Amino acid sequence: MKRRGFLFVWLFFVGGLLTVKASPLALINLKKRFLTYKKPKLDENSLTGTLSDAEMRTILALVEVAAPRTKMQSVDHEFFQRHVNNKTSNVKGYLKEYREGAKLLDETTHKVIDHRQDFVALSVAERNTVLEAILWKYRAGAILKPRVELLLASRTALSFREFVLKDLLAAFYRSGMGWALVGYIHYPGTPAADPFDYAKPNVDLLS
Amino acid sequence: MKSERAIADVCIIGAGLAGGILAYELGRQGVKVVVLEAGLWHNSEDKYEYMEKHLRGVRPWAPDIPERDTYTNAGEILYPLHRFRVKGVGGTTLHWSAVSLRLHETDFCMKSLYGLAEDWPLNYAELEPYYGKAEAALGVAGVADNPFASHRSSDYPLPPFPYSYANQIVKLGCDKLGITMHHVPYARNSLPSQGRPSCRAFGTCIPVCPIEAQYNAAVHVRLAEGTGNVTVHPQANAVRMNISSTGLIESVTYAKPDKSEQEQRARLFVVAAHAVESARLLLLSTSSRFPYGLANQSGLVGKYFMEHPYVIVAGRLKQSLFPYRIGFHTAETHQFVAPNRREIVGAFKFDFEGGGPGPAEIALESGHWGADLQKEIRETFGHSAQIGILLEQLPSEKNTVTLDEKVNDYFGNPVPRITYSFGEYEKNALGVARKKAEEILGALAATQIVVDQQNIGFCGHHIGTCRMGDNPETSVVNRDLRAHDVKNLFVVGSSVFVTGAAVNPSLTIAALAIRAANHILKVGGASS
């Protein structure tokens, strides 16, 4: 073994020994502090308001990839615009997150696709590539353990997923459009013509 | 600056289920009542707006003054108080499940039968007629098909909601194991009744029914006002009760959102502010005569706080259950709510939920988006059978609501501190219940059976803290809910329960309130 290799092994051994010797509480505390640092949080001191037209166009371009058109539903830009405006105007922190999200999409586009183009100008396939570049850790986190994502992803990417992508997906799949995907025409919020249909299979569903 | 109002016969603190019913019962008999409610009066016309908020993922009943509702936790489990309680006219029934069950007759005599906890000072037979009155008042839809229930002398006022398709599937598994499923009585109109429409399956029962097919206590508060004898003051936060030289309460001081204080005088006072705030108000009301708080000579105000721990066991079935077409479960079994050897295996009930994750929940847990996510949702949705286990919790002196002197609320008063944990009784019952639930799912050939025992949930049933009893040394109020120590003070609501049972408490709250109204009418609202 070369001298450098020996030194490395020795340092590794001593470091490990010190870690084991250290108070378990301190280690747990360190882990907690790291996770708290990485866990995305809304900035409750930031302003509320609405996105610029350009920022909104970027977000709507994201929607076309995140919640694309289905046989039953086309992408309802007006719905998402209303949702985003409502969120950014009423809940502190969301305007900042959506703005930074739009910026992140453009910056990643410049890096991985073409430095002269913005996210809105891309094809759906290219937008998917951009999202993959930002969120591969997201997939890894969901498939393995959420902590993996916390460990690997940048805080910007984590915030983007938590407060922009998840917010858009939750809005879509809580709406009638989302329920239509699983064949429901009624639920929730719109009453069924005959509420007792719920006792039978499949009767108040779309074909 | 303080101002005083005219003397009322009765002042009720809290316009929830107990306070609302009591106000109506007294008002219609000509008693002049003032009701103080900490939260807002939510207009019934606005309920669609509240539903829309919920559908957009916004909490519709968020407190009007968040700093008012601060609390702290101690003990092994951090109890999530804000997840459940609502302050407002109607109280927590503004977002309840509307399950309206009677306690079992054995629940009233746990000490005598099993050597557990304490007996109630009254028994099921004494409360039975009031259960019938409560079911009529709330308009309960049900059918007497529960073979494990105690005797009843009246029919349900409305027909039951039939089993959902999902529950019919799960019933096949129960039948194989000899577990009897039955309907769930709900304070929700299965037919138009009491001027309110029948359920139209909006599916948003918790947190809001936009058409009030589901009962909430604002219904009774409105009826009470309609008598012409009841005045309701919303956003009136009772901060202390004031004692006269004779040892009777002469007034309650309440604070408005601008922090100005007013005083309401009455001949008789009723605390109906839920198990946490009722105890807190009594503890805040110290005086030279009552240095440890009002009605607290026993030292038991705030003690024996209970909840219903709740665990879901879920499994994936091959066929779709077509869930989520109404907002509530239609079947339960009470086969285990009154076990023969309760001292060995605790009581629990099963709710047969037919849900599983909806499209949004699947989306939020998934690592996918776009077409991949859509594929995942289509494949996953609708195949989950869920069995909810609601566990009885025994009263423990360790579980308490006390004042946290280090943290003050919006009005400068110490906030409630909840100290909470489970005991062996609950843990053992959970072990048995979990096994039985897994057997039911196994009988349905379910795969991927999951028990989320790490995240035990709760039902928002705050019970105990001012328990009733015949002995002033071991209880706060007597069998008529009158305080042992203060003659013109009553406490109503689930805070007076001696034990928690393994069923939802609301119907018992209503029955006890109607019974207390009778007693208050007998004493004539007088302080003698």
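Remember, predicted model here, so these are calculated numbers, not experimental data.

## What about the overall build of chain B?
Scanning chain B from N- to C-terminus turns up eleven helices and 19 strands. Considering only C-alpha atoms, chain B reaches an extent of 70 × 50 × 45 Å along its principal axes. Partitioning the intrachain contacts of chain B with sequence separation of at least 6 by distance along the chain shows that 74% fall at a separation of at least 24.

## So, the confidence of the model for chain B
A residue-level look at chain B finds 98% of positions with pLDDT of 70 or above and a mean pLDDT of 94. Confidence estimates for the predicted assembly give a pTM of 0.87 and an ipTM of 0.80.

## A few points about the nonpolar core
Ranked by size, the top nonpolar core spans 164 residues in total, and within it Val10(B), Ile13(B), Leu22(B), Ile389(B), Val492(B), Ala510(B) and Ala513(B) carry the most contacts. Ranked by residues supplied to this core, first place goes to helix α11 (residues 506-523) of chain B with ten residues.

## Details of the packing of helix α1 (residues 17-27) of chain B against α11(B)
All names here are of chain B. Here α1 crosses α11 at 35°, and the two axes come no closer than 9 Å. Here α1 and α11 pass one another in a crossing that is right-handed. Judged by residue contacts, Leu17, Ala18, Ile21, Leu22, Glu25 and Leu26 of α1 engage Ser506, Ile509, Ala510, Ala513, Ile514, Ala516, Ala517, Ile520 and Leu521 from α11. Along the lines of polarity and charge, the residues of the contact of α1 with α11 split into 13 nonpolar, one polar and one charged.

## Observations regarding the environment of His274(B)
Residue and element names in this part refer to chain B. Looking at where His274 falls in the secondary structure, it is placed in helix α7 (residues 274-284). Spatially, the C-alpha atom of His274 lies 6.1 Å from that of Gly493, the residues being 219 residues apart in sequence. Here His274 is in contact with Gly14, Gly16, Arg85, Gly91, Thr92, His462, Gly493 and Ser495, once residues within four sequence places are set aside.

## What to know about the environment of Leu321(B)
Residue and element names in this part refer to chain B. With respect to the helices, strands and loops of the structure, Leu321 is situated in the loop between β11 (310-316) and β12 (331-333). Owing to 23 C-beta atoms within 10 Å, Leu321 belongs among the buried residues under this scheme. Spatially, the C-alpha atom of Leu321 lies 31 Å from that of Arg196, the residues being 125 residues apart in sequence. Discounting residues that sit within four places of it in the chain, Leu321 has contacts with Tyr165, Ala166, Ile169, Gly354, Gly382, His383 and Ala385.

## Observations regarding the confidence of the model for chain A
Taken over all residues, the pLDDT of chain A has a mean of 81, while the share at 70 or more is 71%. Predicted confidence for residues 203-207 of chain A stays below pLDDT 50, and this span has eleven contacts to residues more than four positions away or in other chains.

Rules behind the numbers
Counting starts from 1 at the beginning of each chain's written sequence and moves along it residue by residue. In the order they appear in the text, chains get letters beginning with A and ligands get numbers beginning with 1. With pLDDT at 70 or above as the cut-off, local features in this predicted model cover only qualifying residues; side-chain atom pairs require 80 or more to be listed or tallied, and sums for whole chains, interfaces and linings still use all residues. Think of it this way: any DSSP run of H or I at least four residues long counts as a helix, any run of E at least two long counts as a strand, and we number them from the N terminus. C-beta atoms are placed from the backbone for every residue, and two residues are taken to be in contact when these atoms lie within 7 Å. Across the chain, each position has a pLDDT score giving the predictor's confidence in that residue, from 0 to 100. Think of a nonpolar core as buried Ala, Val, Leu, Ile, Met, Phe, Trp, Tyr and Cys residues, each tied to the set through C-beta atoms within 7 Å. Backbone-placed C-beta atoms define the burial measure: a residue is buried with 20 or more other C-beta atoms within 10 Å of its own, exposed with 12 or fewer, and partly exposed in between. Working convention: axes come from line fits to C-alpha atoms, limited for helices to the stretch in contact. Angles between N-to-C directions cover 0 to 180 degrees. Left-handed describes a crossing whose near helix is turned anticlockwise from the far helix through less than a right angle; right-handed describes the clockwise counterpart. Throughout, the ten residues Ala, Val, Leu, Ile, Met, Phe, Trp, Tyr, Cys and Pro are labelled nonpolar, Asp, Glu, Lys and Arg are labelled charged, and all others, Gly among them, are labelled polar.

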